[in-house]
Structure formats: structure tokens, C-alpha cells
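Chain and residue survey
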Amino acid sequence: MASQFKKLAPLLNRVLIQKYEPVTKTASGILLQSSEDKQAVGKVVEAGPGQIDSKGNVIATLVKPGDVVLLPDYGGQKIKLADQEYFIFRDSDIIGILHQ
Amino acid sequence: MASQFKKLAPLLNRVLIQKYEPVTKTASGILLQSSEDKQAVGKVVEAGPGQIDSKGNVIATLVKPGDVVLLPDYGGQKIKLADQEYFIFRDSDIIGILHQ
Amino acid sequence: MASQFKKLAPLLNRVLIQKYEPVTKTASGILLQSSEDKQAVGKVVEAGPGQIDSKGNVIATLVKPGDVVLLPDYGGQKIKLADQEYFIFRDSDIIGILHQ
Amino acid sequence: MASQFKKLAPLLNRVLIQKYEPVTKTASGILLQSSEDKQAVGKVVEAGPGQIDSKGNVIATLVKPGDVVLLPDYGGQKIKLADQEYFIFRDSDIIGILHQ
Amino acid sequence: MASQFKKLAPLLNRVLIQKYEPVTKTASGILLQSSEDKQAVGKVVEAGPGQIDSKGNVIATLVKPGDVVLLPDYGGQKIKLADQEYFIFRDSDIIGILHQ
Amino acid sequence: MASQFKKLAPLLNRVLIQKYEPVTKTASGILLQSSEDKQAVGKVVEAGPGQIDSKGNVIATLVKPGDVVLLPDYGGQKIKLADQEYFIFRDSDIIGILHQ
Amino acid sequence: MASQFKKLAPLLNRVLIQKYEPVTKTASGILLQSSEDKQAVGKVVEAGPGQIDSKGNVIATLVKPGDVVLLPDYGGQKIKLADQEYFIFRDSDIIGILHQ
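Residues numbered from 1 in each chain as written. Chains lettered and ligands numbered in written order. Predicted model: local features only at pLDDT ≥ 70, side-chain atom pairs only at ≥ 80, totals over all residues. Heavy atoms only, no water.

1. What about the overall build of chain A?
Each helix and strand counted, chain A has 0 helices and 9 strands in total. The order of helices and strands in chain A, counted from the N terminus, is β-β-β-β-β-β-β-β-β. Within chain A, buried positions represent 44% of all 100 residues. Partitioning the contacts of chain A with sequence separation of at least 6, the portion at a separation of at least 24 is 66%. Carbon and sulfur atoms make up 51% of the accessible area of chain A, which totals about 5,000 Å². (Helix = DSSP H or I, 4+ residues; strand = E, 2+ residues; numbered from the N terminus. Buried < 20%, exposed > 50% of the residue type's maximum accessible area, 1.4 Å probe, protein only. Contact = heavy atoms within 4.5 Å. Areas by Shrake-Rupley, 256 points an atom, 1.4 Å probe, with all protein chains shown as cover.)

2. Things to note about the sheet that holds strand 7 (residues 77-81) of chain A
Spatially, 7 strands are ordered 7(A)-8(A)-2(A)-3(A)-6(A)-9(A)-1(G) in an open sheet, and the strand pairing comes out antiparallel. The outermost strands of the open sheet, each flanked by one partner alone, are strand 7 of chain A together with strand 1 (7-10) of chain G. Each neighbouring strand pair of the sheet contributes to a mean axis angle of 45°, computed without reference to strand direction. In the sheet, strand 9 (residues 96-99) of chain A pairs with strand 1 of chain G via 4 bridges, with the strands oriented antiparallel. Residue His-99 of chain A lies in a different strand from strand 1 of chain G, and its bridge partner there is Lys-7 of chain G. (Pairing = 2+ DSSP bridges. Axes fitted to C-alpha atoms, helices over the stretch in contact; angles between N-to-C directions.)

3. Details of the confidence of the model for chain A
All names here are of chain A. A residue-level look at chain A finds 79% of positions with pLDDT of 70 or above and a mean pLDDT of 85. Here residues 32-36 is a poorly scored stretch, pLDDT under 50, and it has 7 contacts once near neighbours within four places are set aside; other chains count. What the predictor reports for the complex is a pTM of 0.85 with an ipTM of 0.82. (pLDDT = per-residue confidence, 0-100.)

4. Thoughts on the interface of chain A and chain B
Between chain A and chain B, the residue contacts involve 24 residues of the former and 28 residues of the latter. Of the roughly 2,200 Å² buried between chain A and chain B, counting both surfaces, carbon and sulfur atoms make up 64%. Counting the contacts that link chain A with chain B gives 0 salt bridges. Run the count over chain A and chain B and you get 6 residue pairs in polar contact (both at pLDDT 80 or more). Counting only elements with at least two residues in the side of chain A that touches chain B, the list comes to strand 1 (7-10), strand 7 and strand 8 (84-90) of chain A. Broken down by element, the side of chain A that touches chain B gets its largest block of residues, 5 residues, from strand 7 of chain A. When its residues are assigned to classes, the side of chain A that touches chain B shows 12 nonpolar, 4 polar and 8 charged. (Buried area = accessible area lost by both parts, 1.4 Å probe. Salt bridge = Lys/Arg side-chain N within 4 Å of Asp/Glu carboxyl O. Polar contact = N/O pair within 3.5 Å; in protein donor to acceptor, adjacent residues only side chain to side chain. Nonpolar A, V, L, I, M, F, W, Y, C, P; charged D, E, K, R; others polar.)

5. Digging into the sheet that holds strand 2 (residues 14-19) of chain C
Pairing is antiparallel across the open sheet formed by 7 strands, whose spatial order is 1(B)-9(C)-6(C)-3(C)-2(C)-8(C)-7(C). The sheet is open, and its two edges are formed by strand 1 (7-10) of chain B together with strand 7 (77-81) of chain C, each paired on a single side. Sheet twist, expressed as the average angle between the axes of neighbouring strands with direction ignored, equals 45°. Pairing of strand 2 of chain C with strand 8 (residues 84-90) of chain C, which is carried by 4 bridges, proceeds in the antiparallel orientation. For Ile-17 of chain C, the partnering residue across the bridge sits in strand 8 of chain C and is Phe-87 of chain C.

6. A word on the environment of Asp-67 of chain D
All names here are of chain D. Relative to the helices and strands, Asp-67 is located in the loop between strand 5 (58-60) and strand 6 (68-71). You can call Asp-67 buried: its relative accessible area is 9%. Along the primary structure Asp-67 and Ile-79 are separated by 12 residues, whereas in three dimensions their C-alpha atoms are 19 Å apart. Once residues within four sequence positions are removed from consideration, Asp-67 is found in contact with Gly-42, Lys-43, Val-44 and Ile-97. Among the polar contacts made by the side chain of Asp-67, one reaches the main-chain amide nitrogen of Lys-64 at a distance of 2.9 Å.

7. Things to note about the relation of the copies chain A and chain B
In this structure, two copies of a chain are linked by a rotation about an axis accompanied by a shift along it. Taken as rigid bodies, chain A and chain B are interconverted by a rotation of 51° and an axial shift of 0.0 Å, the fit giving an RMSD of 0.0 Å. The fraction of interface residues of chain A whose copies in chain B are also interface residues is only 12%, indicating that the copies meet through different surfaces. (Least-squares fit on C-alpha atoms with pLDDT ≥ 70 in both.)

8. Side note on the layout of surface pockets
Counted as a void, the largest pocket has a volume near 400 Å³. Around the largest pocket, the lining comprises 14 residues; the ones closest to its centre are Lys-55 of chain A, Lys-55 of chain B, Lys-55 of chain D, Lys-55 of chain E together with Lys-55 of chain G. For the lining of the largest pocket, the residue count by class is no nonpolar, 7 polar and 7 charged. (1 Å grid on protein atoms, 1.4 Å probe; cavity = no way out; pocket = protein on both sides within 12 Å on 5 of 7 lines; lining within 4 Å. Points joined across faces, edges and corners; volume = space filled by probe spheres on them.)

9. Focus: the interface of chain D and chain C
Taken residue by residue, the interface counts 28 residues in chain D and 24 residues in chain C. Approximately 2,200 Å² of surface area, both sides summed, lies buried where chain D meets chain C, with 64% of it carried by carbon and sulfur atoms. Between chain D and chain C we count 0 salt bridges in total. Counting across the chain D and chain C interface gives 6 residue pairs in polar contact (both at pLDDT 80 or more). Of all the secondary structure elements, the ones that give two or more residues to the side of chain D that touches chain C are strand 6 and strand 9 (96-99) of chain D. Within the side of chain D that touches chain C, the residues separate by chemical class into 14 nonpolar, 6 polar and 8 charged.

10. Remarks on the pattern of salt bridges
Counted according to the given criterion, the structure contains 21 salt bridges over all chains. When the shortest N-O distance is used, the salt bridge between Lys-64 of chain A and Asp-67 of chain A registers 3.1 Å. Overall, Lys-64 of chain A belongs to the exposed group, its relative accessible area being 52%. Between Glu-46 of chain E and Lys-7 of chain E there is a salt bridge, with the nearest N and O atoms lying 2.8 Å from each other. In this pair, Glu-46 of chain E sits in strand 3 (residues 40-47) while Lys-7 of chain E sits in strand 1 (residues 7-10), placing the two residues 39 residues apart along the sequence. Residue classification places Glu-46 of chain E among the buried residues on the basis of a relative accessible area of 19%. Judged by its relative accessible area of 39%, Lys-7 of chain E is partly exposed.

11. With respect to the pairing of strand 9 (residues 96-99) of chain E
Bridge analysis of strand 6 (residues 68-71) of chain E against strand 9 of chain E gives 2 bridges, and the strand direction is antiparallel. Looking at strand 9 of chain E, one finds that Leu-70 of chain E is bridged to Gly-96 of chain E.

12. Concerning unusual backbone geometry
Of note in the backbone geometry, Asp-83 of chain B takes a positive phi value of approximately 65° without being a glycine. You can see Asp-83 of chain B is positioned in the loop between strand 7 (77-81) and strand 8 (84-90). On the accessibility criterion, Asp-83 of chain B (61% relative accessible area) is exposed. Phi angles above zero are rare outside glycine, and Ala-82 of chain F is one such case at about 50°. Looking at the secondary structure, you find Ala-82 of chain F in the loop between strand 7 (77-81) and strand 8 (84-90).

Spelled out as C-alpha cells, the structure:
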């Protein structure tokens, strides 16, 4: 249903993330699978404005579109927009921002 | 019972939502059902004034009537008003606002 | 025991509600029962002054006597006053105020 | 043990209540027992000064000695003072004050 | 191990209590045991300075040495000091102060 | 691994404690074991600076090095520093300070 | 996947830790394994800016890169960066800072 919509503006501190496809095949075609490859890395596509504190003020979301982030092994909510698969995470569940 | 009432003014941060019917049939009549189609999309019909914080101030509800929203896979409370089916969600449970 | 008392002044944000009898019989005498009829609608008879916040201030109860309200499917506490059956709900558990 | 003591000054928002004996026998001696008679009604004998909020201030107890109150079906702590049976409730657990 | 120490200065809102021996024998030597005798009555021997609130201020302990208190049926921590048995309770768990 | 380190500066309100060996043998060599001997007594070796309250201020740890303390029957985390066994407790879990 | 990234900037009060390899073999090649060796010691590689309090202020992380820390027996999240194994801990879960 959500496939016909192109853009999602997440509420609160929710973050829309496009996960990187895990490279589990080498150039020669051998499939590599190790426990370390389970880790999810993704790019932030959209980020909500932030959580609301006990005084009604907004605590700005910790990541911004374009950030490459390390995600927890479990959690996140799979959604589909314009036939593309995305994940929704709370910014507080994102482990950190990756740099090469 | 509630069918004889035409309008509901939700309390606090509750949101009255009319879900979009999932299109599970193609023009040629073939039924399509995929796990991605489970996602619920709906239109906000009524929104409560907002949650009350620890100081008694109102934190305005995050969505307004007319917004098309992405809903979580589970949750929401089914109600019936004037023979129409609606759902009640807390604004904090709504994932985000959809744009085409 | 409580039947000999005619009036209850609820404490905090409790609301005394008289539920509407569900109309489950048509004029011609046929019993109608549908899942939608489970929903509870009631009239507010008495409302407590309100919840007390963390600073000792009263947060006024969200409904007032005379309001017709939509109640959750479950919950509420059955009580009897002057041989009439009532229900006690917290105002925060009431879904919204109904209008015809 | 507590039977030898005549008075209890409850701490915080605790309330000492003497329950009314349920009238389960009619004048003609027939025992009446209905689900409505389960409800507990009692008179407040002693009330603590009140709960302490997060700033150390006292939030005065909601009922005072002499109030006739409607109690929840479950809960309360049975105690004995000077061979009389009483119950201890938190004021926030008392449903409301009854008036005839 | 703690038997060789004579004094305990309880931390926070902990209270050191010496329970009264339940009188379960009459003068004529008959053992009396009733459900009411389960109630624990004790004398406050030492009281901590008090709980610390969310601002770091101390909320003074509700009882003081010498107070005779009514204790809950369950809970409390048995300790031994100088071969005497005591109990540790949080002041918020003490029901009230008894007077004869 | 931690055995090669001589000193631990505990974080927050953690307290490093060296437990007293329970004397379970008399001078004549008879082993004494009673339920009262289970109680743990220890000396504070190091104490963290304190818990951080909701405003970011430090609430100073309730005990200091050298204090002899009564510990709860259960809990605490066994660690080893320079081949000596210690226990880590939160100051809020320590029952009180013992005096002879 | 995360192996191709060289640096992680942890969010909030998360700390990136490189655990020390437990020395479980002596110079003569005998494997030593004792319960005390279970304890995890590690070096802080990166530390997030800190937790956000209820007012939106940052409470600075308790450890800094280079600190050698004592870790709890359980917990922590294994991650891999540039083919090196690391662990993520919240600063509040770290027991203390070790000194030789």
C-alpha cells in the first residue's frame, strides 16, 4: 500500500534508513558468510525532527540524511516506499555514525 | 452502539484514522498479496488536542486531519461511527506522514 | 452495600459513567449482534476534580457530566449506587467525546 | 500484637478504614447475596498526612476521618487495633466519597 | 559476622527495627495463635537520614528512634548486631506509628 | 586479566569492597555455621564520585574508603585486582555503616 | 559489512572498546583458566558525547579514549570495524577505570 508514496516524513526521533546489501559473494562467485557480516549498515534517508522532552521541547534527532550508520543486530521496522525497502529506527537505537 | 454517532472528538493525543483499503487485485482480476502490502496507510479524520506533560501543559498532537500517515503493523483500536470503520492510534505510535 | 448511597464524588481523575444499553433487537423483534456492537458508549454522571501532577497541581478531568463518551472495549470498574449500575473509568482511558 | 494499641497514625497517604458490615440478611432472616454486595464501603478512621512529591512537598491525603468511601473490590491490608478489624488503603486506591 | 558490631547507622531511608515478641502464651500457659497475631509491631532503634530526591535533597525519614510502628506482614531484612536480632525496613514500607 | 591492575577507580556510585572473612571456626577448631553468619560485612576500599541526577549534578556517594559496612545477603559483583578478591556494590544497596 | 569502515563515532553515551586478549597460556605453554580470568578488561577507542538528560542537556560520557576499563561479565555488543573486533558498552555499564 505504502508503495505508491515516494516520501515519508518520520515523526519524532524516527529515522528512515536504506540498508546496504551485504556483500556475501566474492568476485570469483564464492559465497562468504560470517557472523560478523550480520551487522547492519545503512544510509539515513529521512530523519524526524526529534523526541519531545518532558517540557515539550524538541531534542533534535542525532543523525541526518546522508549519514552512514551502524545499526543494532535486531530491531527496526521494515517498510516499503515506491517499491524500495527501508527500515525505521529510533535515533537512540542507532549505535553510531561510520566513517571510512 | 457508536454507529448512531457521526463525530468523535478524541481525547489527549488520540487520532481517528480511516484506513485505505489495500489494493490486492490487479485490473485483470488477479489477487496480489505480498508481505509488503501488510503495511497500513490511512487518512487522519480527527486528532485530539494533545498529550498533557508533567506540568499540565498540552503537547500538540503531531498530525492533523487530512494527513496521510504510515501506521505500525500492529496496534490501533477499531471503532465504528455512522456505520464506517475507523481506527484510533496515539500520535506517538504513527510512524510518519506520507507524501506522493 | 453501596446501593444505599445515592451519590459518589469520584477521587482524582475517576469518572462515573452510566453505559447505554446496547440495542440488540430490531423493531420486529430480531436480535442483532455484531462485533461492532461491543463498543461501549456511556454518559458521564460524575467526574473527579482531576489527576495530581508531580508538583501537586490538579490537571482538570478531561470530561464533564453530560458528555457522551466512547469507552474502551475492556476495563472499567462496575459499581452500584441506589440500585443503578455504573462504571468507573479514568479520564485518560476514555477514547473520546461523541457527537451526533 | 497490634491489638494492645488503640490508635494508628498512618504514614504518607495511607488511610485507616473501618469497613461496613455487608447486610446479607433481611429482617425476616433470609440471607441475600448478590454480586453487587461485594463492593466495600467503609468509614475513614485515620488518614496519613499525604504522599511526598518529587520536591519533598506533601500532597495532602484526599480523604479525611469521617468520610464514607467506596473501596476497590480487591486490595487493602487487614490490621487489628484494640481487637477491632480495620483496613489500610492508599488514598489513590479509594474510588470516591459516598453521599446518601 | 555482624554480631561483633554494636551499632548500625542505616543509609538513606532505612530503619533498624527491633520487633516485639508476639505474646502467644497466656498467663495460664495456653498457646494462643490467631491470624491477627501475625502483624508485626516493633520499636525503631536507628533511622537513616532519609531518601535523596531527584534534586539531591534529603527527604527526612518518616520515623525516629523510639517510635513504635506497625510493619507490613511481609518484607524487611533480618540482621544481627551484638547477638540481637533486628529488621531493616524502608520508612515508606512502614504502615504507621502506634499509640496506646 | 584484571589481576595485573592494582587500583580501580569505580564509576558513578559504585563502591569497591573487601569482604571480611567469616569466622566459622572456633579457637578449638570446631566449625560454627549459623544463618546469622551469612551476613556480609566489608570495608570500603574505593568509592566512585556518585550518581548523576536528572540535572547532571553529582549526588556524592554515601560511603567513603575505610567505612565498615553491612551488605545485603545477595548481590554485588566479584572482581579480582592484584590477586585480591573484591566486590562491587552500588552505594544505594549498602544497608548501613557499622560501628563497634 | 562494517569491516570496510575504519571509524565509528558512537552516539549518546556509547563507548567503543577493544578488549584485551586474556592470557591463558604461560611461557612454558601450560593453559591456565580460572574463574577470575573471565573478567573483561579493555581499552576505550571511541566515546560518544554523552547521554541527554530530561532538559536536553548532554551529560558527558564518563570515560575517554585511552582509558583502560573493567567491564561487566555480561553484556556489550560485538562489532567489527576494518577487520578488528570491538565491543560497544554504555558508559554507565562500565565498572571503573583501572590503574596499574
